[in-house]
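As a plain string of letters, each chain reads:
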Amino acid sequence: MQPGWNLGNTFDAIGADETAWGNPRVTRALLAQVRAQGFKSIRIPVTWGDHQGAAPDYTIDTAWLARVREVVKWALADDFYVVINMHHDSWMWLNQLATDHDNVLARYSATWTQISRALRDSPRRLVFESINEPQFSGTSGDAQNYELMNELNTTFQHIVRASGGGNSTRLLVLATLFMNADQARLDALVSTITALGDPNVATEVHFYGFWPFSVNIAGYTRFDATTRQDLTDTFDRVYNTFVAAGVPVIIGEYGLLGFDASLNAVEQGEKLKFFEFLGYYARTRNLTTMLWDNGQHFNRTTFQWSDPDLYQQIRSSWTVRSGTADTDLLFVHKSAPVTDATVTLNLNGNRLTSIVDGSRMLVRGKDYTVSADHQQVTFTAALLTRLVGARQDGVNAVLSARFSRGVAWKFRVTTYDTAVLQSAAGTTDSLVIPTAFNGDLLATMEATYADGSGNAGPQNWTSFKEFGRAFSPDYTTNRITLTAAFFAEVKDGATVNLVFHFWSGATVTYTLVRAGTQLTGTAA
(Lines give C-alpha, C1' and ligand atoms only; values in the text may rest on other atoms or scores of the structure.)
Protein backbone atom coordinates (compact mmCIF):
# COMPACT_ATOMS: atom_id res chain seq x y z
CA MET A 1 0.00 0.00 0.00
CA GLN A 2 3.00 2.31 0.31
CA PRO A 3 2.75 5.15 -0.65
CA GLY A 4 -0.79 6.43 -0.20
CA TRP A 5 -2.85 9.57 -0.85
CA ASN A 6 -6.04 10.99 0.67
CA LEU A 7 -9.05 12.11 -1.36
CA GLY A 8 -9.74 14.70 1.33
CA ASN A 9 -12.61 17.20 1.59
CA THR A 10 -14.71 15.25 -0.89
CA PHE A 11 -16.91 12.41 0.37
CA ASP A 12 -16.08 13.50 3.91
CA ALA A 13 -17.46 17.01 3.26
CA ILE A 14 -20.41 18.12 5.37
CA GLY A 15 -23.26 19.10 3.08
CA ALA A 16 -25.24 17.97 0.08
CA ASP A 17 -22.61 16.12 -1.90
CA GLU A 18 -18.92 15.63 -2.62
CA THR A 19 -18.51 19.19 -3.94
CA ALA A 20 -19.74 20.87 -0.72
CA TRP A 21 -16.25 21.91 0.38
CA GLY A 22 -15.11 23.24 -2.97
CA ASN A 23 -13.61 20.24 -4.73
CA PRO A 24 -14.95 19.04 -8.08
CA ARG A 25 -16.72 15.72 -8.56
CA VAL A 26 -14.33 12.82 -8.68
CA THR A 27 -13.57 11.53 -12.16
CA ARG A 28 -11.84 8.43 -13.44
CA ALA A 29 -9.26 10.75 -15.00
CA LEU A 30 -8.38 12.16 -11.57
CA LEU A 31 -7.81 8.71 -10.10
CA ALA A 32 -5.69 7.70 -13.08
CA GLN A 33 -3.59 10.83 -12.68
CA VAL A 34 -3.10 10.19 -8.96
CA ARG A 35 -1.99 6.64 -9.77
CA ALA A 36 0.45 8.06 -12.32
CA GLN A 37 2.07 10.16 -9.58
CA GLY A 38 3.28 6.93 -7.99
CA PHE A 39 0.67 6.38 -5.29
CA LYS A 40 -0.35 2.78 -4.68
CA SER A 41 -3.18 3.29 -2.21
CA ILE A 42 -5.92 5.84 -1.82
CA ARG A 43 -7.84 6.66 1.34
CA ILE A 44 -11.37 7.82 0.61
CA PRO A 45 -12.77 9.45 3.77
CA VAL A 46 -16.57 9.26 3.88
CA THR A 47 -18.95 11.10 6.19
CA TRP A 48 -22.24 9.20 6.34
CA GLY A 49 -24.21 11.28 8.84
CA ASP A 50 -25.76 13.72 6.37
CA HIS A 51 -26.93 10.84 4.20
CA GLN A 52 -28.79 8.62 6.65
CA GLY A 53 -32.39 8.16 7.67
CA ALA A 54 -33.75 8.06 11.18
CA ALA A 55 -33.64 5.35 13.81
CA PRO A 56 -33.93 2.46 14.06
CA ASP A 57 -32.67 1.59 10.58
CA TYR A 58 -30.42 4.59 9.90
CA THR A 59 -30.74 3.78 6.21
CA ILE A 60 -27.95 5.21 4.05
CA ASP A 61 -29.22 7.15 1.05
CA THR A 62 -29.06 4.80 -1.92
CA ALA A 63 -27.66 7.44 -4.29
CA TRP A 64 -24.87 8.33 -1.83
CA LEU A 65 -23.91 4.73 -1.26
CA ALA A 66 -24.00 4.04 -5.00
CA ARG A 67 -21.72 7.00 -5.68
CA VAL A 68 -19.20 5.87 -3.06
CA ARG A 69 -19.28 2.35 -4.56
CA GLU A 70 -18.73 3.78 -8.04
CA VAL A 71 -15.59 5.69 -7.05
CA VAL A 72 -14.30 2.73 -5.05
CA LYS A 73 -14.70 0.50 -8.10
CA TRP A 74 -12.87 3.03 -10.29
CA ALA A 75 -9.98 3.13 -7.84
CA LEU A 76 -9.81 -0.66 -7.59
CA ALA A 77 -9.83 -0.87 -11.38
CA ASP A 78 -6.78 1.42 -11.37
CA ASP A 79 -5.03 -1.14 -9.16
CA PHE A 80 -5.17 1.00 -6.02
CA TYR A 81 -5.53 -0.38 -2.57
CA VAL A 82 -8.54 1.56 -1.30
CA VAL A 83 -9.36 2.55 2.28
CA ILE A 84 -12.86 3.75 3.18
CA ASN A 85 -14.01 4.80 6.62
CA MET A 86 -16.46 6.70 8.78
CA HIS A 87 -14.95 10.18 8.91
CA HIS A 88 -16.52 13.31 10.42
CA ASP A 89 -19.22 11.17 11.97
CA SER A 90 -16.66 10.94 14.78
CA TRP A 91 -17.55 14.43 15.99
CA MET A 92 -20.99 14.85 14.40
CA TRP A 93 -22.73 12.16 16.48
CA LEU A 94 -20.44 9.31 17.48
CA ASN A 95 -18.73 11.43 20.13
CA GLN A 96 -21.95 11.12 22.19
CA LEU A 97 -21.35 7.42 22.79
CA ALA A 98 -20.75 7.90 26.52
CA THR A 99 -23.95 9.90 27.13
CA ASP A 100 -26.29 8.28 24.56
CA HIS A 101 -24.67 4.87 24.41
CA ASP A 102 -27.35 2.60 23.01
CA ASN A 103 -28.56 4.93 20.27
CA VAL A 104 -25.06 5.84 19.11
CA LEU A 105 -23.84 2.25 19.09
CA ALA A 106 -26.96 1.19 17.19
CA ARG A 107 -26.29 3.84 14.56
CA TYR A 108 -22.61 2.89 14.29
CA SER A 109 -23.56 -0.77 13.94
CA ALA A 110 -26.27 -0.08 11.36
CA THR A 111 -23.90 2.04 9.29
CA TRP A 112 -21.14 -0.57 9.15
CA THR A 113 -23.69 -3.32 8.52
CA GLN A 114 -24.88 -1.51 5.40
CA ILE A 115 -21.36 -0.63 4.19
CA SER A 116 -20.18 -4.21 4.73
CA ARG A 117 -23.15 -5.66 2.88
CA ALA A 118 -22.78 -3.28 -0.07
CA LEU A 119 -19.06 -3.96 -0.55
CA ARG A 120 -18.65 -7.52 0.73
CA ASP A 121 -17.70 -8.94 -2.67
CA SER A 122 -15.09 -6.29 -3.51
CA PRO A 123 -11.49 -7.41 -4.08
CA ARG A 124 -9.24 -7.79 -1.06
CA ARG A 125 -7.52 -4.54 -2.05
CA LEU A 126 -10.48 -2.75 -0.48
CA VAL A 127 -9.74 -1.98 3.18
CA PHE A 128 -12.14 -0.82 5.91
CA GLU A 129 -11.13 1.68 8.63
CA SER A 130 -13.25 1.66 11.80
CA ILE A 131 -13.51 5.42 12.52
CA ASN A 132 -11.50 8.56 11.84
CA GLU A 133 -9.97 10.41 14.81
CA PRO A 134 -12.47 9.08 17.39
CA GLN A 135 -13.28 11.31 20.33
CA PHE A 136 -15.82 11.26 23.14
CA SER A 137 -17.54 13.90 25.23
CA GLY A 138 -18.88 13.53 28.74
CA THR A 139 -16.54 10.74 29.84
CA SER A 140 -14.77 10.40 33.15
CA GLY A 141 -11.35 10.29 31.48
CA ASP A 142 -9.11 8.10 29.41
CA ALA A 143 -9.97 4.87 31.22
CA GLN A 144 -13.56 5.21 29.98
CA ASN A 145 -12.36 6.51 26.60
CA TYR A 146 -10.35 3.33 26.11
CA GLU A 147 -13.34 1.17 27.02
CA LEU A 148 -15.43 2.97 24.41
CA MET A 149 -12.68 2.61 21.81
CA ASN A 150 -12.45 -1.10 22.52
CA GLU A 151 -16.22 -1.40 22.10
CA LEU A 152 -16.21 0.45 18.78
CA ASN A 153 -13.27 -1.43 17.27
CA THR A 154 -14.62 -4.78 18.48
CA THR A 155 -18.13 -4.06 17.20
CA PHE A 156 -16.67 -3.00 13.84
CA GLN A 157 -14.61 -6.19 13.55
CA HIS A 158 -17.52 -8.46 14.48
CA ILE A 159 -19.94 -6.79 12.04
CA VAL A 160 -17.57 -6.89 9.07
CA ARG A 161 -16.47 -10.48 9.67
CA ALA A 162 -20.05 -11.67 10.11
CA SER A 163 -21.08 -10.16 6.76
CA GLY A 164 -19.16 -12.89 4.96
CA GLY A 165 -17.84 -12.92 1.42
CA GLY A 166 -14.57 -11.06 1.01
CA ASN A 167 -15.19 -9.43 4.37
CA SER A 168 -14.36 -12.64 6.23
CA THR A 169 -10.65 -11.99 5.70
CA ARG A 170 -10.56 -8.37 4.51
CA LEU A 171 -7.87 -6.15 6.07
CA LEU A 172 -9.45 -4.05 8.81
CA VAL A 173 -7.82 -0.91 10.15
CA LEU A 174 -8.39 -0.14 13.83
CA ALA A 175 -8.04 3.35 15.25
CA THR A 176 -6.45 4.62 18.44
CA LEU A 177 -8.16 7.30 20.49
CA PHE A 178 -7.90 10.53 18.43
CA MET A 179 -5.65 8.46 16.10
CA ASN A 180 -2.95 9.68 18.43
CA ALA A 181 0.35 7.84 18.92
CA ASP A 182 0.97 8.46 22.62
CA GLN A 183 2.03 5.20 24.25
CA ALA A 184 -1.09 4.86 26.38
CA ARG A 185 -3.28 5.13 23.25
CA LEU A 186 -1.21 2.46 21.53
CA ASP A 187 -1.28 0.13 24.52
CA ALA A 188 -5.07 0.34 24.73
CA LEU A 189 -5.33 -0.79 21.11
CA VAL A 190 -2.86 -3.62 21.73
CA SER A 191 -5.31 -5.01 24.29
CA THR A 192 -8.14 -4.91 21.75
CA ILE A 193 -6.11 -6.59 19.03
CA THR A 194 -4.90 -9.28 21.40
CA ALA A 195 -8.46 -10.06 22.48
CA LEU A 196 -9.72 -10.19 18.90
CA GLY A 197 -7.06 -12.64 17.77
CA ASP A 198 -7.62 -11.57 14.16
CA PRO A 199 -4.51 -11.82 11.94
CA ASN A 200 -5.94 -9.50 9.29
CA VAL A 201 -5.92 -6.21 11.14
CA ALA A 202 -3.75 -3.12 10.90
CA THR A 203 -3.56 0.01 13.02
CA GLU A 204 -3.75 3.66 12.09
CA VAL A 205 -2.42 6.88 13.58
CA HIS A 206 -2.10 10.37 12.12
CA PHE A 207 0.99 12.56 12.12
CA TYR A 208 1.23 16.29 11.50
CA GLY A 209 4.58 16.85 13.16
CA PHE A 210 5.69 18.65 16.27
CA TRP A 211 2.78 21.04 16.76
CA PRO A 212 4.67 24.36 17.24
CA PHE A 213 6.64 23.71 14.04
CA SER A 214 3.61 22.37 12.19
CA VAL A 215 1.65 25.61 12.64
CA ASN A 216 4.65 27.97 13.00
CA ILE A 217 4.16 29.24 16.53
CA ALA A 218 6.39 29.90 19.55
CA GLY A 219 9.39 30.63 17.35
CA TYR A 220 9.64 27.10 15.91
CA THR A 221 10.32 28.24 12.38
CA ARG A 222 12.96 25.60 11.60
CA PHE A 223 13.07 21.83 11.24
CA ASP A 224 15.33 21.58 14.25
CA ALA A 225 16.44 18.81 16.61
CA THR A 226 13.27 19.07 18.71
CA THR A 227 11.01 18.69 15.68
CA ARG A 228 13.09 15.80 14.37
CA GLN A 229 13.07 14.05 17.74
CA ASP A 230 9.29 14.32 17.96
CA LEU A 231 9.04 12.50 14.63
CA THR A 232 11.51 9.75 15.48
CA ASP A 233 9.94 9.19 18.90
CA THR A 234 6.47 8.84 17.36
CA PHE A 235 7.53 6.47 14.61
CA ASP A 236 9.64 4.44 17.03
CA ARG A 237 6.67 4.01 19.37
CA VAL A 238 4.33 2.68 16.70
CA TYR A 239 7.09 0.45 15.30
CA ASN A 240 8.00 -1.06 18.66
CA THR A 241 4.38 -1.48 19.72
CA PHE A 242 2.90 -2.86 16.52
CA VAL A 243 5.20 -3.41 13.54
CA ALA A 244 7.77 -5.36 15.53
CA ALA A 245 4.91 -7.58 16.71
CA GLY A 246 3.68 -8.21 13.17
CA VAL A 247 0.84 -5.70 13.09
CA PRO A 248 1.05 -3.18 10.22
CA VAL A 249 0.82 0.55 10.90
CA ILE A 250 -0.66 3.09 8.50
CA ILE A 251 0.05 6.78 8.94
CA GLY A 252 -3.41 7.48 7.56
CA GLU A 253 -2.84 11.24 7.34
CA TYR A 254 0.36 13.22 7.40
CA GLY A 255 1.35 16.76 6.53
CA LEU A 256 1.70 20.09 8.31
CA LEU A 257 -1.23 21.73 10.09
CA GLY A 258 -0.02 25.15 8.95
CA PHE A 259 -1.07 24.19 5.43
CA ASP A 260 -4.66 24.96 6.48
CA ALA A 261 -3.65 28.62 6.62
CA SER A 262 -1.12 28.69 3.80
CA LEU A 263 1.38 26.38 2.11
CA ASN A 264 3.87 29.14 3.01
CA ALA A 265 3.15 29.00 6.75
CA VAL A 266 6.34 26.96 7.04
CA GLU A 267 9.31 28.26 5.05
CA GLN A 268 10.01 26.27 1.88
CA GLY A 269 13.37 24.80 2.80
CA GLU A 270 12.28 23.86 6.32
CA LYS A 271 9.16 22.26 4.87
CA LEU A 272 11.19 20.20 2.41
CA LYS A 273 13.54 18.98 5.14
CA PHE A 274 10.56 17.83 7.21
CA PHE A 275 9.07 15.80 4.37
CA GLU A 276 12.42 14.38 3.29
CA PHE A 277 13.13 13.11 6.78
CA LEU A 278 9.58 11.86 7.33
CA GLY A 279 9.68 9.73 4.18
CA TYR A 280 13.08 8.34 5.08
CA TYR A 281 12.27 7.49 8.67
CA ALA A 282 8.91 5.94 7.78
CA ARG A 283 10.80 3.58 5.46
CA THR A 284 13.17 2.55 8.26
CA ARG A 285 10.14 1.69 10.40
CA ASN A 286 8.12 -0.03 7.64
CA LEU A 287 5.23 2.42 7.94
CA THR A 288 2.71 3.09 5.19
CA THR A 289 2.26 6.84 4.73
CA MET A 290 -0.83 8.48 3.23
CA LEU A 291 -0.48 12.16 2.32
CA TRP A 292 -3.40 14.32 3.45
CA ASP A 293 -4.59 16.30 0.44
CA ASN A 294 -7.80 18.29 0.62
CA GLY A 295 -7.17 19.81 -2.81
CA GLN A 296 -4.31 22.02 -1.62
CA HIS A 297 -1.56 19.86 -3.15
CA PHE A 298 -2.71 18.09 -6.33
CA ASN A 299 -5.10 20.19 -8.40
CA ARG A 300 -8.05 18.01 -9.28
CA THR A 301 -8.87 19.88 -12.46
CA THR A 302 -5.49 20.66 -14.01
CA PHE A 303 -3.73 17.63 -12.45
CA GLN A 304 -0.77 19.81 -11.49
CA TRP A 305 1.01 20.03 -8.14
CA SER A 306 0.71 23.38 -6.40
CA ASP A 307 4.28 22.90 -5.16
CA PRO A 308 6.19 20.66 -7.59
CA ASP A 309 9.36 20.78 -5.46
CA LEU A 310 7.45 19.46 -2.47
CA TYR A 311 6.00 16.62 -4.52
CA GLN A 312 9.42 15.70 -5.92
CA GLN A 313 10.87 15.66 -2.41
CA ILE A 314 8.05 13.46 -1.14
CA ARG A 315 8.30 11.08 -4.08
CA SER A 316 12.07 10.77 -3.78
CA SER A 317 11.78 10.00 -0.07
CA TRP A 318 9.86 6.82 -0.86
CA THR A 319 13.06 5.19 -2.06
CA VAL A 320 16.19 7.23 -1.21
CA ARG A 321 17.48 10.05 0.94
CA SER A 322 18.16 13.45 -0.58
CA GLY A 323 20.82 15.95 0.39
CA THR A 324 19.58 19.16 1.99
CA ALA A 325 21.17 22.17 3.70
CA ASP A 326 20.69 24.37 6.72
CA THR A 327 18.93 26.89 4.52
CA ASP A 328 17.66 27.37 1.00
CA LEU A 329 17.98 31.17 1.23
CA LEU A 330 21.10 33.13 0.28
CA PHE A 331 20.45 36.78 1.11
CA VAL A 332 22.44 39.66 -0.34
CA HIS A 333 21.77 43.10 1.07
CA LYS A 334 20.78 45.67 -1.52
CA SER A 335 23.51 48.17 -0.66
CA ALA A 336 26.06 46.41 1.55
CA PRO A 337 29.27 44.91 0.12
CA VAL A 338 28.77 41.38 -1.17
CA THR A 339 30.66 38.77 0.84
CA ASP A 340 31.17 35.01 0.70
CA ALA A 341 28.25 32.93 1.96
CA THR A 342 28.85 29.64 3.74
CA VAL A 343 26.11 27.04 4.20
CA THR A 344 26.21 23.74 6.08
CA LEU A 345 25.08 20.74 4.05
CA ASN A 346 23.04 17.79 5.29
CA LEU A 347 24.47 15.10 3.04
CA ASN A 348 22.26 12.31 4.41
CA GLY A 349 24.65 9.67 3.13
CA ASN A 350 25.17 11.35 -0.24
CA ARG A 351 27.97 13.32 -1.82
CA LEU A 352 27.73 16.67 -3.54
CA THR A 353 28.35 16.16 -7.26
CA SER A 354 27.76 19.61 -8.75
CA ILE A 355 26.03 22.97 -8.43
CA VAL A 356 24.29 24.53 -11.41
CA ASP A 357 22.82 27.90 -12.25
CA GLY A 358 20.11 27.10 -14.75
CA SER A 359 21.93 25.19 -17.47
CA ARG A 360 25.35 26.49 -16.44
CA MET A 361 27.51 24.30 -14.22
CA LEU A 362 29.38 26.29 -11.59
CA VAL A 363 33.12 25.84 -11.29
CA ARG A 364 34.32 24.32 -8.04
CA GLY A 365 37.23 26.29 -6.63
CA LYS A 366 36.17 29.42 -8.47
CA ASP A 367 32.43 29.88 -7.94
CA TYR A 368 32.28 27.86 -4.74
CA THR A 369 34.45 25.80 -2.45
CA VAL A 370 33.72 22.74 -0.35
CA SER A 371 35.22 22.17 3.09
CA ALA A 372 37.61 19.28 3.68
CA ASP A 373 34.94 17.28 5.50
CA HIS A 374 32.42 18.04 2.70
CA GLN A 375 29.99 19.42 5.28
CA GLN A 376 30.05 23.04 4.12
CA VAL A 377 29.86 24.85 0.82
CA THR A 378 30.99 28.46 0.42
CA PHE A 379 29.68 30.57 -2.43
CA THR A 380 32.19 33.21 -3.42
CA ALA A 381 31.47 36.92 -3.36
CA ALA A 382 32.38 37.07 -7.05
CA LEU A 383 29.70 34.50 -7.92
CA LEU A 384 27.04 36.18 -5.81
CA THR A 385 27.91 39.59 -7.28
CA ARG A 386 27.39 38.19 -10.76
CA LEU A 387 24.13 36.49 -9.81
CA VAL A 388 22.48 39.49 -8.16
CA GLY A 389 23.46 41.83 -11.01
CA ALA A 390 21.71 45.16 -10.51
CA ARG A 391 20.30 43.84 -7.21
CA GLN A 392 16.62 43.98 -7.96
CA ASP A 393 14.54 43.10 -4.90
CA GLY A 394 13.63 39.44 -4.63
CA VAL A 395 15.03 36.22 -6.06
CA ASN A 396 17.78 36.95 -8.58
CA ALA A 397 18.91 33.38 -9.24
CA VAL A 398 18.23 29.79 -8.22
CA LEU A 399 21.19 27.46 -7.73
CA SER A 400 20.66 23.70 -7.67
CA ALA A 401 23.00 21.56 -5.60
CA ARG A 402 23.00 18.05 -7.03
CA PHE A 403 23.83 15.02 -4.97
CA SER A 404 24.67 11.42 -5.75
CA ARG A 405 21.07 10.42 -5.01
CA GLY A 406 17.69 12.05 -4.55
CA VAL A 407 16.49 15.45 -5.66
CA ALA A 408 18.57 18.59 -5.96
CA TRP A 409 18.56 21.21 -3.21
CA LYS A 410 17.71 24.69 -4.45
CA PHE A 411 19.30 27.86 -3.11
CA ARG A 412 17.37 31.06 -3.83
CA VAL A 413 19.82 33.95 -4.20
CA THR A 414 17.81 36.92 -2.97
CA THR A 415 18.45 40.65 -2.85
CA TYR A 416 16.75 42.36 0.08
CA ASP A 417 16.56 45.53 2.07
CA THR A 418 14.92 46.04 5.46
CA ALA A 419 11.15 45.83 5.11
CA VAL A 420 9.18 49.04 5.66
CA LEU A 421 5.80 48.96 7.41
CA GLN A 422 3.48 51.95 7.17
CA SER A 423 1.14 53.36 9.77
CA ALA A 424 -2.39 52.01 9.50
CA ALA A 425 -5.88 52.22 11.02
CA GLY A 426 -8.52 49.56 11.25
CA THR A 427 -10.90 47.71 13.53
CA THR A 428 -10.72 44.53 15.53
CA ASP A 429 -12.12 42.76 12.47
CA SER A 430 -8.66 43.14 10.94
CA LEU A 431 -5.80 45.55 10.51
CA VAL A 432 -4.07 45.73 7.15
CA ILE A 433 -0.53 47.09 7.32
CA PRO A 434 0.85 48.31 3.97
CA THR A 435 4.31 46.75 3.72
CA ALA A 436 7.22 47.12 1.37
CA PHE A 437 8.85 43.71 1.84
CA ASN A 438 11.83 44.75 -0.29
CA GLY A 439 12.63 41.18 -1.22
CA ASP A 440 12.54 39.81 2.33
CA LEU A 441 10.27 37.08 3.68
CA LEU A 442 8.37 37.15 6.98
CA ALA A 443 9.24 34.31 9.35
CA THR A 444 7.20 35.12 12.46
CA MET A 445 5.75 37.88 14.64
CA GLU A 446 6.05 38.62 18.36
CA ALA A 447 3.39 40.50 20.33
CA THR A 448 3.85 41.81 23.88
CA TYR A 449 2.10 44.46 25.97
CA ALA A 450 4.06 47.70 26.22
CA ASP A 451 3.42 47.93 29.97
CA GLY A 452 5.30 44.68 30.53
CA SER A 453 2.21 42.73 31.61
CA GLY A 454 2.88 39.81 29.30
CA ASN A 455 2.28 38.43 25.85
CA ALA A 456 -0.57 39.77 23.74
CA GLY A 457 -3.01 37.92 21.54
CA PRO A 458 -4.10 34.28 21.50
CA GLN A 459 -1.95 31.53 22.99
CA ASN A 460 -0.33 34.02 25.32
CA TRP A 461 2.02 31.39 26.75
CA THR A 462 4.32 32.55 23.94
CA SER A 463 5.14 35.93 22.46
CA PHE A 464 5.53 34.37 19.01
CA LYS A 465 2.13 34.22 17.35
CA GLU A 466 0.73 31.57 15.01
CA PHE A 467 1.31 32.15 11.30
CA GLY A 468 -2.02 32.48 9.51
CA ARG A 469 -4.17 32.51 12.62
CA ALA A 470 -2.80 35.76 14.05
CA PHE A 471 -1.02 37.34 11.09
CA SER A 472 -0.52 36.71 7.41
CA PRO A 473 1.78 38.34 4.85
CA ASP A 474 0.73 38.85 1.23
CA TYR A 475 3.71 39.47 -1.02
CA THR A 476 1.54 40.13 -4.07
CA THR A 477 -0.52 42.93 -2.55
CA ASN A 478 2.29 44.15 -0.26
CA ARG A 479 0.57 43.96 3.07
CA ILE A 480 0.51 42.15 6.40
CA THR A 481 -2.92 41.41 7.83
CA LEU A 482 -3.53 41.03 11.56
CA THR A 483 -6.65 38.96 12.07
CA ALA A 484 -9.83 39.19 14.12
CA ALA A 485 -8.67 36.08 16.00
CA PHE A 486 -5.58 37.97 17.12
CA PHE A 487 -7.48 41.06 18.32
CA ALA A 488 -10.12 38.93 20.07
CA GLU A 489 -7.51 38.31 22.74
CA VAL A 490 -5.88 41.74 22.90
CA LYS A 491 -6.94 43.82 25.92
CA ASP A 492 -8.99 46.95 25.25
CA GLY A 493 -7.04 50.14 25.89
CA ALA A 494 -3.74 48.34 25.53
CA THR A 495 -0.62 49.29 23.63
CA VAL A 496 1.02 46.30 21.97
CA ASN A 497 4.58 46.11 20.75
CA LEU A 498 5.06 43.95 17.67
CA VAL A 499 8.35 42.61 16.37
CA PHE A 500 8.34 41.18 12.86
CA HIS A 501 11.15 38.68 12.24
CA PHE A 502 12.31 38.20 8.67
CA TRP A 503 14.25 35.32 7.15
CA SER A 504 17.18 37.59 6.28
CA GLY A 505 17.67 38.07 10.03
CA ALA A 506 16.25 41.60 10.00
CA THR A 507 13.62 42.65 12.54
CA VAL A 508 11.10 45.49 12.32
CA THR A 509 9.18 46.90 15.29
CA TYR A 510 5.63 48.24 15.18
CA THR A 511 3.20 49.65 17.76
CA LEU A 512 -0.54 48.97 18.07
CA VAL A 513 -3.06 50.85 20.18
CA ARG A 514 -6.55 49.44 20.78
CA ALA A 515 -9.44 51.70 21.81
CA GLY A 516 -12.66 49.71 21.82
CA THR A 517 -12.97 48.23 18.35
CA GLN A 518 -10.68 50.86 16.84
CA LEU A 519 -7.03 50.21 16.10
CA THR A 520 -4.12 52.35 15.12
CA GLY A 521 -0.75 51.04 14.07
CA THR A 522 2.43 53.06 13.98
CA ALA A 523 5.75 52.21 12.44
CA ALA A 524 8.75 52.59 14.71
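This text follows the structure it describes.
Please read these numbers as outputs of a predicted model, since none were measured by experiment.

About the thresholds
- Residues numbered from 1 in each chain as written.
- Predicted model: local features only at pLDDT ≥ 70, side-chain atom pairs only at ≥ 80, totals over all residues.
- Heavy atoms only, no water.
- Helix = DSSP H or I, 4+ residues; strand = E, 2+ residues; numbered from the N terminus.
- Rg over C-alpha atoms; globule rule 2.2 N^0.38 Å.
- Buried < 20%, exposed > 50% of the residue type's maximum accessible area, 1.4 Å probe, protein only.
- Contact = heavy atoms within 4.5 Å.
- Areas by Shrake-Rupley, 256 points an atom, 1.4 Å probe, with all protein chains shown as cover.
- Expected span 1.5 Å × (residues − 1).
- Salt bridge = Lys/Arg side-chain N within 4 Å of Asp/Glu carboxyl O.
- Phe/Tyr/Trp six-rings, centres within 6.5 Å; stacked < 30°, edge-to-face > 60°.
- Pairing = 2+ DSSP bridges.
- Polar contact = N/O pair within 3.5 Å; in protein donor to acceptor, adjacent residues only side chain to side chain.
- Arc of directions from axis to C-beta.
- Patch = residues over 30% accessible without salt bridge, like charges linked within 9 Å, V, L, I, M, F, W, Y side chains within 5 Å.

Peer 1: Outline the overall build of the protein, supporting the account with residue identities and numerical values.
Peer 2: Helix and strand content of the protein: 12 helices and 26 strands. Relative to its length of 524 residues, the protein is compact, with a C-alpha radius of gyration of 26 Å against a globular reference of 24 Å. Viewed in the frame of its principal axes, the protein has a C-alpha envelope of about 75 × 60 × 40 Å. Taken across its 524 residues, the protein has 55% of its residues classed as buried. Looking at the protein alone, contacts between residues at least 24 apart form 71% of all its contacts between residues at least 6 apart. Surface exposure of the protein reaches about 20,500 Å², of which carbon and sulfur atoms provide 49%.

Peer 1: Describe helix α6 (residues 183-196), naming the residues involved and giving the relevant values.
Peer 2: Taking 1.5 Å of rise per residue, 14 residues should cover 20 Å, and α6 covers 20 Å from first to last C-alpha, within 8% of that figure. Buried positions along α6 lie against α5 (142-162), β5 (172-175), β6 (201-207) and α8 (225-241). Just past α6, the residue glycine 197 takes up positive phi, approximately 60 degrees.

Peer 1: Provide a residue-level description of the environment of phenylalanine 210, including the pertinent values.
Peer 2: In this fold, phenylalanine 210 is placed in the loop between β6 and α7 (211-215). Overall, phenylalanine 210 belongs to the buried group, its relative accessible area being 18%.

Peer 1: Which residues make up the pattern of salt bridges, and what values go with them?
Peer 2: One pass over the structure, following the stated rule, counts 21 salt bridges. Among the ionic pairs, arginine 125 bridges to aspartate 79, the shortest N-O distance being 3.9 Å. Here arginine 125 is found in the loop between α4 (101-119) and β4 (126-129), whereas its partner aspartate 79 is found in the loop between α2 (62-77) and β3 (81-84), with 46 residues between them in sequence. Residue arginine 125 is classed as buried on the basis of its relative accessible area of 19%. Residue classification places aspartate 79 among the partly exposed positions, given a relative accessible area of 44%. Here glutamate 276 and arginine 321 are joined by a salt bridge, their closest N and O atoms 2.8 Å apart. Placement of the pair is glutamate 276 in helix α9 (residues 268-284) and arginine 321 in the loop between α10 (308-317) and β9 (324-325), with a sequence separation of 45 residues.

Peer 1: Would you mind going over the packing of aromatic side chains in detail, with residue names and values included?
Peer 2: Across all of its chains, the model carries 28 aromatic pairs by this definition. Arranged with centres 5.1 Å apart and planes meeting at 80 degrees, the rings of phenylalanine 210 and tyrosine 220 form a pair that is edge-to-face. With phenylalanine 210 in the loop between β6 and α7 and tyrosine 220 in the loop between α7 and α8, this pair connects stretches of sequence that are 10 residues apart. When its relative accessible area of 26% is taken as the criterion, tyrosine 220 is described as partly exposed.

Peer 1: Residues and numbers for the sheet that holds strand β17 (residues 409-416), please.
Peer 2: Strand order in this open sheet of five strands is β10-β17-β16-β12-β13, and the pairing throughout is mixed. Each edge of the open sheet carries a strand with a single partner, namely β10 (329-333) and β13 (360-361). As defined by bridge partners, strand β16 (residues 394-403) adjoins β17 across seven bridges and the pair is classed as antiparallel. By the bridge assignment for β17, valine 395 is matched with threonine 414.

Peer 1: I'd like a description of the environment of threonine 414, backed by residues and values.
Peer 2: With respect to the helices and strands, the residue threonine 414 is situated in strand β17. For the pair formed by threonine 414 and leucine 330, sequence separation is 84 residues and the distance between their alpha carbons is 6.0 Å. Apart from residues no more than four positions distant in its own chain, threonine 414 is found in contact with Leu330, Phe331, Val332, Gly394, Val395, Asn396 and Gly439. Polar side-chain contacts of threonine 414 include one of 3.3 Å to the backbone oxygen of arginine 412.

Peer 1: Run through helix α1 (residues 28-36), naming residues and quoting values.
Peer 2: When α1 is considered as a whole, its buried residues turn out to be Leu30, Leu31 and Val34. For α1, the buried positions fall inside an angular range of 95 degrees around the axis, keeping them on one side. Buried-residue contacts for α1 involve β1 (4-6), β2 (41-44) and α2. Phi for glycine 38, located one or two positions after α1, is positive at around 110 degrees.

Peer 1: Which residues make up the sheet that holds strand β15 (residues 376-379), and what are the values?
Peer 2: Strands sit in the order β9-β11-β15-β14 across an open sheet of four strands; the sheet is antiparallel. Each edge of the open sheet is held by one strand with a lone partner, namely β9 and β14 (368-370). As paired strands, strand β11 (residues 341-346) and β15 are joined by four bridges and run antiparallel to one another. Note on β15: the bridge partner recorded for threonine 344 is glutamine 376.

Peer 1: Explain the side chain of threonine 192 to me, and be specific about the residues and the numbers.
Peer 2: Locating threonine 192 in the fold gives a position in helix α6. Those residues in contact with threonine 192 that sit more than four places away from it in its chain are Asn150, Asn153 and Thr154.

Peer 1: Any chance you could break down a nonpolar patch on the surface for me, citing the residues and the numbers?
Peer 2: Together, Trp211, Leu257 and Trp461 line one region of the surface with nonpolar side chains, adding up to about 310 Å² of accessible area. Along the chain, leucine 257 turns up in the loop between β7 (249-254) and α9.

Structural measurements only, silent on function.
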